[in-house]
Amino acid sequence: MTDELAIETHGLTRHYGKVEAVRGLSLAVERQCITGFLGRNGAGKSTTIKMLLGMIRPTAGTGRVLGYNIADPAQSLQIRRRIAYVGEDKGLYGYMTVAELIRFTRSFYPDWQPHIEARLLKAYQLPPGRKVKAISKGMRTKLALLLALARRPELIILDEPSEGLDPVSIEELLQTLQEVRAGGTSVFFSSHQLSEVERITDRVLMIDHGQLVMNTRLGDLLDNYRNIVMEFGAQAPVPTAFALAGVERLRIKGRQVWVLASSNVEGIVAHARTLDATVQVTPVNLRDVFLDLVREAP
Ligand SMILES: Nc1ncnc2c1ncn2[C@@H]1O[C@H](COP(=O)(O)OP(=O)(O)OP(=O)(O)O)[C@@H](O)[C@H]1O
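Note that the structure is predicted; figures quoted are calculated from it, not measured. (Residues numbered from 1 in each chain as written. Predicted model: local features only at pLDDT ≥ 70, side-chain atom pairs only at ≥ 80, totals over all residues.)

Here we look at the site of the ligand
Then, in step 1: Around the ligand sit Y16, V19, A21, G39, N41, G42, A43, G44, K45, S46 and T47, and those are all the residues in its vicinity.
Then, in step 2: Listing elements by their share of the shell around the ligand, those giving two or more residues are β2 (19-30) and α1 (45-52).
Then, in step 3: In terms of residues, the shell around the ligand owes the most to one element, α1, which gives three residues.
Then, in step 4: Taken together, the residues that form the shell around the ligand break down as four nonpolar, six polar and one charged. (Near = placed C-beta within 6 Å. Helix = DSSP H or I, 4+ residues; strand = E, 2+ residues; numbered from the N terminus. Nonpolar A, V, L, I, M, F, W, Y, C, P; charged D, E, K, R; others polar.)

A word on the packing of helix α4 (residues 114-123) against helix α5 (residues 137-150)
In helix packing, the relevant descriptors are the interaxial angle and the interaxial distance, both defined with respect to the helix axes.
Then, in step 1: Viewed as axis vectors pointing N to C, α4 and α5 meet at an angle of 165 degrees, and their least axial separation amounts to 9 Å. When the axes of α4 and α5 are compared, the pair comes out roughly antiparallel. Considering only the axes of α4 and α5, their crossing is right-handed. Between α4 and α5, the contacting residues are I116, E117, L120 and L121 on the first element and L146, L149 and A150 on the second. (Axes fitted to C-alpha atoms, helices over the stretch in contact; angles between N-to-C directions. Parallel < 35°, antiparallel > 145°, perpendicular 65-115°, else oblique. Left-handed = near helix turned anticlockwise from the far one by under 90°. Contact = placed C-beta atoms within 7 Å.)

Observations regarding the sheet that holds strand β7 (residues 155-159)
Each strand in a sheet pairs with its neighbour through backbone hydrogen bonds, running either in the same direction (parallel) or in the opposite one (antiparallel).
Then, in step 1: Read across the sheet, six strands follow the order β6-β7-β8-β3-β9-β10 without closing on themselves; strand pairing throughout is mixed. A single partner strand is all that each edge strand has here, and the edge strands are β6 (83-86) and β10 (211-217). Taken pair by pair, the neighbouring strands of this sheet meet at an average axis angle of 15 degrees, ignoring direction.
Then, in step 2: The pairing of β7 with strand β8 (residues 186-190) spans five bridges and is classified as parallel. By the bridge assignment, I156 is partnered in β8 with V187.
Then, in step 3: Packed onto the sheet, α1 meets β3 (34-38), β7, β8 and β9 (203-208) and runs at close to 145 degrees relative to β7.
Then, in step 4: Docked against the sheet, α5 engages β6 and β7, running at close to 170 degrees with respect to β6. (Pairing = 2+ DSSP bridges.)

Some words on the pairing of β10
Then, in step 1: Sheet topology note: the β9/β10 ladder contains six bridges and is antiparallel. Across the sheet, residue V204 finds its bridge partner in β10, namely T216.

Focus: helix α6 (residues 167-182)
Then, in step 1: The first and last C-alpha atoms of α6 sit 23 Å apart over 16 residues, in line with the 22 Å expected at 1.5 Å per residue.
Then, in step 2: For α6, the complete set of buried residues consists of S169, L173, T176, L177 and V180. Down the axis of α6, the sector holding all buried residues measures 105 degrees, keeping them to one side. What points out from α6, more than 90 degrees from its buried face, is the exposed set P167, V168, Q175 and A182. (Expected span 1.5 Å × (residues − 1). Buried ≥ 20, exposed ≤ 12 C-beta atoms within 10 Å, placed from the backbone. Arc of directions from axis to C-beta.)

Right under this line is the structure:
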């Protein structure tokens, strides 16, 4: 393993009784990139994040965050010191005012970024004098994001950061994530908002039923993934006829065959033509690929 990577896991697994929440997940998340972590409800995203943070122990497998071993309590403490995390439970001191909590948090971090604090305080319209316990849920999320982003951590992990935010605040968040990435922070965030992910991520990881189903640079996905629809004169050939490199998903219905290809598009098309099919190739977006990879076959 190497600490060149922000996050690295090998065979990471977590069971809750009989539920296999995460199954043999091997990830490599580069530094100074924005990585989107996608999957359906219950796919295992939060469980993975909690294991990375040392909040729960893996049933099997290993992992490192910024080079620190997630299973070692002392190293896990270092992880929590060096990264920022915003999850479902914001863990904010309710009895402090917004301004007090910002001052308090700032005192722990020498690399605090006053310009990010000032910008987000204004953009998020946080009321400095109000007690944290008296601000709305969306505002608590914004405050937690401000505290995380202004610290300028080496890595920031966000579990559905835009959930509950209004559209203006989401814009601010996306802009700030790009800004902190430019400043050298690695960003790893789970989201259901594919349009947001498509706008800012460098790399996309997708999991389904606890297993990795895609790990690619977004640019490569848009450049290389294609839908290939083949139409045959009679009943389409059997699935084994399409066991070719680059075929990620295959569906056959009557005379039609539909393929999601990650590479080797020319080879797949040439093969289809040798079988006398008419072929149509179309580009895909992140939404198409997500639906194709995680939706149960009809
Ligand atoms: N504490 C727990 N006890 C038992 N089962 C759990 C627990 N936490 C999660 N699970 C189960 O593990 C699986 C993965 O859940 P997880 O919360 O990691 O998914 P997720 O991808 O974050 O989902 P969502 O998008 O809905 O937040 C689900 O089947 C869930 O019901």
